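# Close look at the chain arrangement
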Amino acid sequence: MVYIDNEQCKELLSDKDECLLAIRDAINVKKRGEYNQPIKPYLKFPDKRNRIIAMPAYVGGNKNICGIKWISSFPDNLEKNIPRAHCLTILNSVFTGIPFCIINASCISIIRTAALSTVLLDKYIQLTDKKKYVLGIIGYGPIGKMHKEYFCHLLKDQISEIHIYDKNIMEEQSDVIFETSWEEVYNQADILVLATNTVKPYLTEAPRLNCLTLNISLRDFCVDSFDLTNTVTVVDDWEEVNREETNIYHLSRNNKLIREDTINIEEFLDMKVPKGENRAYFVNTMGMALFDICMGNLAYEIYMRKLRNERTLNKNTIDTN
């Protein structure tokens with residue numbers, strides 16, 4: 001049995017290009033339908049902000065792996081200097097069901113989320129005729145920061161400015177501009193990342209035209225006055241995202257959005273439209289277990305690869321002596 005902790009996992013998944021490739025491979029598995037993923041249950045508590053989610057998946061194709069992610073989110077932990085999220089991922093043999101790896105690492109969710117967003121961002125920039133982009137991030141916790149890292153890795157000097165709003169953070173950083181309101185970020189961003197812990201909608205605008213809005217936190221928008229004209233609404237899985245009080249759920253319940261009005265992520269990656277069209281791109285990803293299991297398996301494979309290299313090095317050293 002292999003055990004990997006959070007710091008080990010961060011190191012194992014430090015190669016962004018390797019993580020992006022793993023996500024693209026997982027999307028292809030999803031596109032071919034070679035997976036099984038039950039709707040994830042939410043374990044709820046009297047404080048509705050707290051939850052623990054079970055995320056099992058079988059991933060077929062050239063992966064042939066299975067496992068489960070058990071992830072908690074307790075926002076008040078931040079006031080106790082404890083991370084908001086804690087995550088345990090277990091990988092099992094698809095032949096015997098025997099667990100072979102336990103990964104005690106919340107970074108799997110963080111890296112998976114940012115890597116998927118980056119793959120979608122890569123497609124978005126192919127649909128635009130812009131040379132430079134303003135990045136806006138509302139909510140600058142671990143997920144917001146990881147998005148900044150991945151997006152800078154992809155776009156490099158194509159990012160002209162980075163604007164950030166977080167009601168709990170106001171720092172002096174040379175490479176970012178901290179704003180005093182969400183409106184200042186929203187109005188300037190070509191790429192907008194929403195990565196808050198909110199359960200109460202506050203964003204009183206609709207997704208902007210000529211902007212990629214990544215609604216990671218899923219519940220930021222006040223959808224009562226939403227106008228989705230000229231909006232491409234992207235979801236990872238309609239059944240998953242259309243519940244749990246998400247913006248998609250409320251749009252659906254208010255008869256402003258139906259399944260046929262959305263496209264899934266693999267359809268978005270195959271989309272062909274003329275560059276420079278006036279469209280809003282509105283991405284809502286609930287988080288799919290198949291991506292987490294693939295990311296956990298990548299960490300395991302890199303761990304085993306390093307272990308084999310170390311054993312070979314040690315054997316050669318012994319043989320030489």
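Preceding this section is the structure that the text describes.
Residues numbered from 1 in each chain as written. Predicted model: local features only at pLDDT ≥ 70, side-chain atom pairs only at ≥ 80, totals over all residues. Heavy atoms only, no water.

## Quick notes on the pairing of strand E9 (residues 159-165)
Of the strand pairs in this sheet, strand E8 (residues 133-138) and E9 are connected by 6 bridges, and their pairing is parallel. Looking across to E9, one finds that Ile137 is bridged to Ile164. A crossover links E8 with its parallel partner E9, the connecting element being helix H4 (residues 142-155), and its sense is right-handed. Where E9 lies against strand E10 (residues 177-178), 2 bridges are found, and the strand directions are parallel. Across the sheet, the residue bridging to Ile164 is Phe178, located in E10. (Pairing = 2+ DSSP bridges. Helix = DSSP H or I, 4+ residues; strand = E, 2+ residues; numbered from the N terminus. Right-handed = clockwise from strand over helix to strand, strands pointing away.)

## Some words on the sheet that holds strand E13 (residues 231-235)
Strands sit in the order E10-E9-E8-E11-E12-E15-E13-E14 across an open sheet of 8 strands; the sheet is parallel. In the strand order of this sheet, the two ends are held by E10 and strand E14 (262-264), each with one partner. Two elements, E8 and strand E11 (residues 191-194), share 4 bridges in a ladder whose sense is parallel. Opposite Ile137, over in E11, you have Val193 as the bridge partner.

## Topic: the side chain of Thr213
Of note, Thr213 is situated in strand E12 (residues 211-215). Once residues within four sequence positions are removed from consideration, Thr213 is found in contact with Leu192, Leu194, Pro207, Arg208, Phe221, Tyr281, Phe282 and Val283. (Contact = heavy atoms within 4.5 Å.)

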